[in-house]
Amino acid sequence: MSVKTYTVEGMTCGHCVSSVKEEVGEIPGVTGVEVDLGSGRLEVTGDVTDDAVREAVKEAGYTLV
């Protein structure tokens, strides 16, 4: 299990954070998701690929940078 950190672009409110957490949390193998609105930091714990995280963030309406 690993912890990966990403930066999400476009989040502006708590609802944005919730959307990203929900979508990323549904990826098989994810055991934890932390999102910081101010910095755009997304921390994902679990066995997951970067592509899976990118797709989940895109599904939520945002972009990984």
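A short note on the pairing of strand β2 (residues 30–36)
The pairing of β2 with strand β3 (residues 41–46) spans six bridges and is antiparallel. Directly across from valine 33, in β3, lies its bridge partner valine 44. Connecting β2 to the antiparallel partner β3 that follows it, the hairpin turn spans four residues, and glycine 40 within it adopts a positive phi of roughly 80°.

Quick look at the nonpolar core
Val20, Val24, Leu42, Val53 and Val57 are the most contacted members of the largest nonpolar core, which has 20 residues in total. Listed by contribution, the elements that provide at least two residues to this core are β1 (2–9), α1 (14–25), β2, β3 and α2 (50–60). Residues within four places of valine 24 in sequence aside, it is in contact with Val30, Val33, Leu42, Val44, Ala56 and Val57.

Comments concerning α1
For α1, spanning twelve residues, the distance from its first C-alpha to its last is 16 Å, which sits close to the expected 16 Å at 1.5 Å a residue. Of all the positions in α1, only Cys16, Val17, Ser19, Val20 and Val24 are classed as buried. Looking straight down α1, one finds that the buried residues subtend no more than 160° of arc, so they occupy a single side. Structural note: α1 exposes His15 and Glu22 on the side pointing more than 90 degrees away from its buried face. Contacts from the buried residues of α1 go to β1, β2, β3 and α2.

Thresholds applied
- Residues numbered from 1 in each chain as written.
- Predicted model: local features only at pLDDT ≥ 70, side-chain atom pairs only at ≥ 80, totals over all residues.
- Heavy atoms only, no water.
- Pairing = 2+ DSSP bridges.
- Helix = DSSP H or I, 4+ residues; strand = E, 2+ residues; numbered from the N terminus.
- Core = buried A, V, L, I, M, F, W, Y, C linked by side-chain atoms within 4.5 Å.
- Buried < 20%, exposed > 50% of the residue type's maximum accessible area, 1.4 Å probe, protein only.
- Contact = heavy atoms within 4.5 Å.
- Expected span 1.5 Å × (residues − 1).
- Arc of directions from axis to C-beta.

On their own, these measurements won't tell you what the molecule is for.
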